[in-house]
Amino acid sequence: MPAPVDASCHAAPGDEAPAGAPRVALIGSPNGGKTSLFNRLTGLHAKTGNYPGVTVSRSSGLARIGDATYGIEDLPGCYSLAPISPDEQVVADYLDGSLKDVEKPDALLVVADSTALRRSLLLLAEVLHRHKPTALVLTMTDELRRRGGSLDVEALGRAAGVPVVAVVANRGIGVGELRHLIADWDAWSTPPLDPPDRAGELAGWVDSLLAAAGYEAPTPDARTERIDRVLLHPVWGTIIFFAVMFLFFQALFTWAAPLQDLLGDAFKSLAAYVDAAVPNRLLAGLLGNGIIGGVGAVLEFVPQILMMYAILALLDAVGYMSRAAFLMDRVMSSAGLEGRAFVAMLSAFACAIPGVMATRTIPSSKDRIATMLGVPLATCSARLPVYLLLIGMLVPADAMIGPLSGRGVAMFAMYLLGGASAMTASWVVKKITDRTGHLLPFYMEMPPYRIPTLRSVGIAMWEPTKAFLRKAGTIILVVTIAIWALTTIPFRSDAELAAAGVDPTDDVAVTAYTMEHSAAAGIGKAVEPVFRPLGFDWRVDVALVGSLAAREVAVSTLGQMASATDPENDVEVSAQLATWTYSDGPNAGEKVFTPDTVVALLLFFAFALQCMSTIAIMRRETGGWKWPAIAFGYMFVLAYSMAFLGHTITGLFVR
Amino acid sequence: MSSAPASVKTRVVPLSSLRCGQRGVICRVAADCDSSVCHRLQLLGFSEGRAISKVRQAPLGGPMIFRVCDVQMCLRQAQADLVLVELADEPEFAARPHPLPFHGV
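This write-up is about the structure you can find in this document. Each chain has its residues counted from 1, running along the sequence as written. Both sets of labels track the order of writing: A upward for chains, 1 upward for ligands. With the structure being a predicted model, the display of local features is reserved for residues of pLDDT at least 70 and the display and counting of side-chain atom pairs for 80 or more, all residues being used for whole-chain, interface and lining totals. Each side-chain value is worked out from all heavy atoms of the structure, with water and hydrogens disregarded.

## Observations concerning the overall build of chain B
Point 1. For chain B, the count of helices and strands is three helices and six strands.
Point 2. Walking chain B from its N terminus toward its C terminus, one meets helices and strands in the order β-β-α-β-β-β-α-β-α.
Point 3. With a 1.4 Å probe rolled over the protein chains alone, any residue whose accessible area is under 20% of its type maximum counts as buried; one over 50% counts as exposed, and the rest are partly exposed. Expressed as a percentage of its 105 residues, the buried residues of chain B come to 53%.
Point 4. Should any heavy atoms of two residues lie within 4.5 Å, those residues are counted as being in contact. The contacts of chain B with a sequence gap of at least 6 include a subset with a gap of at least 24, amounting to 67%. What counts as a helix is a DSSP run of H or I of at least four residues, what counts as a strand is a run of E of at least two, and both are numbered from the N terminus.

## Details of the nonpolar core
Residues and elements named next belong to chain A.
Point 1. Joining through side-chain atoms within 4.5 Å is the link that ties buried Ala, Val, Leu, Ile, Met, Phe, Trp, Tyr and Cys residues into a set, and such a set is a nonpolar core. Among the nonpolar cores identified, the biggest contains 100 residues, and Phe326, Phe536, Phe593 and Phe604 are the most heavily contacted of them.
Point 2. The element best represented in this core is helix 27 (residues 595–607), accounting for ten residues.
Point 3. In this structure, Leu122, Leu123, Ala160 and Val206 belong to the second largest nonpolar core, which totals 39 residues.

## Observations regarding the sheet that holds strand 6 (residues 83–88) of chain B
Point 1. Across the sheet, which stays open at both edges, the seven strands sit in the order 10(A)-5(B)-4(B)-3(B)-2(B)-6(B)-1(B) with antiparallel pairing between neighbours. Here the strands that pair on one side only, and so sit at the sheet edges, are strand 10 (443–445) of chain A together with strand 1 (10–14) of chain B. Pairs of neighbouring strands in the sheet enclose a mean axial angle of 40°, with direction left out of account.
Point 2. The pairing criterion is simple: DSSP has to find at least two bridges between the two strands. Note that strand 1 of chain B and strand 6 of chain B share five bridges and pair antiparallel. From the neighbouring strand, Arg11(B) faces strand 6 of chain B, where its bridge partner is Leu87(B). Think of each axis as a best-fit line through the C-alpha atoms, taken over the contacting stretch in the case of a helix, with angles from 0 to 180 degrees between the N-to-C directions.

## Comments concerning the pairing of strand 3 (residues 51–57) of chain B
All names here are of chain B.
Point 1. Across the seven residues that make up strand 3, a large majority, six, are buried.
Point 2. Pairing analysis gives three bridges linking strand 2 (residues 23–29) to strand 3, with the strands arranged antiparallel. For Val25, the partnering residue across the bridge sits in strand 3 and is Ala51.
Point 3. Both strand 3 and strand 4 (residues 64–68) contribute to a ladder of five bridges, which runs antiparallel. When the sheet's bridge partners are listed, Ile52 is paired in strand 4 with Val68.
Point 4. In sequence, strand 3 turns back onto strand 4 through a hairpin of six residues, with Leu60 there showing a positive phi of about 60°.

## Comments concerning helix 10 (residues 257–277) of chain A
Helical periodicity: at 3.6 residues per turn, an α-helix aligns residues three or four positions apart in one direction.
Residue and element names in this part refer to chain A.
Point 1. With 21 residues, helix 10 extends 30 Å between its outermost C-alpha atoms, agreeing within 8% with the 30 Å of an ideal straight helix rising 1.5 Å per residue.
Point 2. Listed in full, the buried residues belonging to helix 10 are Gln260, Gly264, Phe267, Ala271 and Val274. On an axial view of helix 10, the arc spanned by its buried residues comes to 90°, and they lie on one face. Relative to its buried face, helix 10 has exposed residues pointing more than 90 degrees away, namely Leu262, Tyr273 and Ala276. Expected helix span is computed as 1.5 Å times (number of residues minus one). Read the arc as the range of directions from the helix axis to the C-beta atoms.

## Thoughts on the interface of chain A and chain B
Point 1. In this assembly, 43 residues from chain A lie in contact with 33 residues from chain B.
Point 2. Here the quantity called buried area is the total loss of accessible area, with a 1.4 Å probe, experienced by two parts when brought into contact, counted for both. Between chain A and chain B, the buried area comes to about 3,400 Å², and carbon and sulfur atoms account for 59% of it.
Point 3. Any carboxyl oxygen of Asp or Glu within 4 Å of a side-chain nitrogen of Lys or Arg constitutes a salt bridge here. Scanning the region where chain A abuts chain B turns up four salt bridges.
Point 4. Among the ionic pairs, Arg118(A) bridges to Asp70(B), the shortest N-O distance being 3.8 Å.
Point 5. Nitrogen and oxygen atoms within 3.5 Å of one another constitute a polar contact, given that in protein one can donate a hydrogen and the other can accept it, and given that sequence-neighbouring residues count only through two side-chain atoms. Seen at the junction of chain A and chain B, the total is 13 residue pairs in polar contact (both at pLDDT 80 or more).
Point 6. Of all elements in the fold, only helix 3 (117–128), helix 7 (199–212), helix 8 (222–231), helix 13 (320–333) and strand 10 of chain A reach the threshold of two or more residues within the side of chain A that touches chain B.
Point 7. Among the residues forming the side of chain A that touches chain B, the class breakdown is 24 nonpolar, six polar and 13 charged.
Point 8. For strand 10 of chain A and strand 5 (residues 71–75) of chain B, the ladder comprises three bridges, and the chain directions are antiparallel. Residue pairing across strands places Glu445(A) opposite Met73(B), the latter belonging to strand 5 of chain B. Throughout this entry, Asp, Glu, Lys and Arg are counted as charged residues, while Ala, Val, Leu, Ile, Met, Phe, Trp, Tyr, Cys and Pro are counted as nonpolar. The remaining residues, Gly among them, count as polar.

Have a look at this one:
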């Protein structure tokens, strides 16, 4: 047997398991410590993706033990191998080797929470029926001891007939022993007899194993009981729940903002530096405005996203997320969804991307799709700058509704609208996709409260951030370059500018002139008839085209076209916008930004899916273009109709 | 059905009708239950002979939490209706003051 090496020695990232390398799969219930163990075995080099053709996420990695490399597969958390949903079918198919392009495992590690052995050994029984080399890994043995339980690990191994090893994955205890065991996989012992076939007889089989191992069950966790008495109290629990939500948004919008501004300023000065340092104007524009400006506008959200994932990872690791799901299940069930969909909805108020990714925790694929199609309607932070600008134009600063500021109320109403429409959309999608009425049973384990390790929270917040950064580096980069090119090419020579009456030294006037005669303006004018019923003129349409990449682009595009010296300054931009008039058509000479147009624009932004990143992440999570296309289509129709409705109704009042 | 001594009266009720803090022993999963759902409930620990207690109930008819197999499991009413438990109508239950609702065991 090769000697296991230090756990820090992992295979290089991205390496495929060499042909013929043994494949080991981890099978266990959710919350059982399976993922910590997987991270321990593979280091940070896990590959995440989807199983072919389904929306079930897959993570696999490599473990290097001695001279040999092992492929490690972290199967989705499950309580049974008998599938009750198409998603669970994946685990069964994987074990049978009937998944296309995915090879079946050579050995199976059943990861069992030792504080829940009476339940988790049931899964071992089902796995043993597969007659593959199987070993049992007991996790959370420290917690078992703390709660007054005990167990003879070796005796359990003798009774079950398979190798058993105890680990505390969070702290790395027992992982070395487990690596020895994996290296020895082809010599694992097998039980002389199969466990009983009937589920009803399994309880007796489990009891006999536990009796042989001298198992003392842990007492209910006193700490958890005490905390739950408050956190799940119908009154206090609900109040605390809303306080947690408030703090969540407070953190995102207030505490992350200074960091965000700092990054934004850094990108601006970098862009200015590049603009000054590069002599070629086209190249300087591409680097400064196109790449640094565009990607910078997205990277500015990194502090917010990191903070959000940190909070979500912390709440999840501590065990609060399942409590939140418990409290919200009744509300979510009115939309035909379950409590876990709430986490996705919540995340989507920061950004639809983590919202879509959080749908992974929902076991039913129909629920997942329904949630995924609803979350982009939640009021994400990219809508915030647009709302700030438009509400600033619509509601005077001194308007009061009772003791509350009119603008604040309008903003709150937009958030409510986002939440309500997201829930409604999910409900409708669920009604349409799930006409059979066959409901999956709802069950959810409430894990004891646990103090998370820095490492596990770190990994949980870093993985999705990495995915976001990778996307900013690819899709968003390409789109921003395209939009920059559309709005700035062809470049005008100084002579041409002078002939048109534009001072070539006045950067703002040059930008405005270039944009008005750019390809984007051509597009804006071409689509003007479509959006004219909403009150939008071609300049607003250019902003809409730009916002297809990311909503917040609309603000800087409008700012640039309004010839503001600082396109990010709301007050100045809105003062300029208010003077715009229609340049042609029946309303020529009339103001563009009348209240009805502003309401229409607000509603359009509330409902339209103007976010490449969301589309990209939906494609990744669903494994195809079908659902992102449906989402984009229905949201566009919704946005257009709502904007038209808003324009017409507001028109009745103000005209 | 009852396997308890004749001197102790027992009754069989669906799991969903338990009060918070009340204990029972699972006697069967309803016969009209879909076999795959029935199997899943058993693999979650809701199998014949297991002691079970209701820990908590979410407000407005929301989900409920049970302690079974040393684990807290949350079920909706529809699933909790499928599991039948045997309650011992012991004087102990009647005499003891009811645990405060929602406050666990």
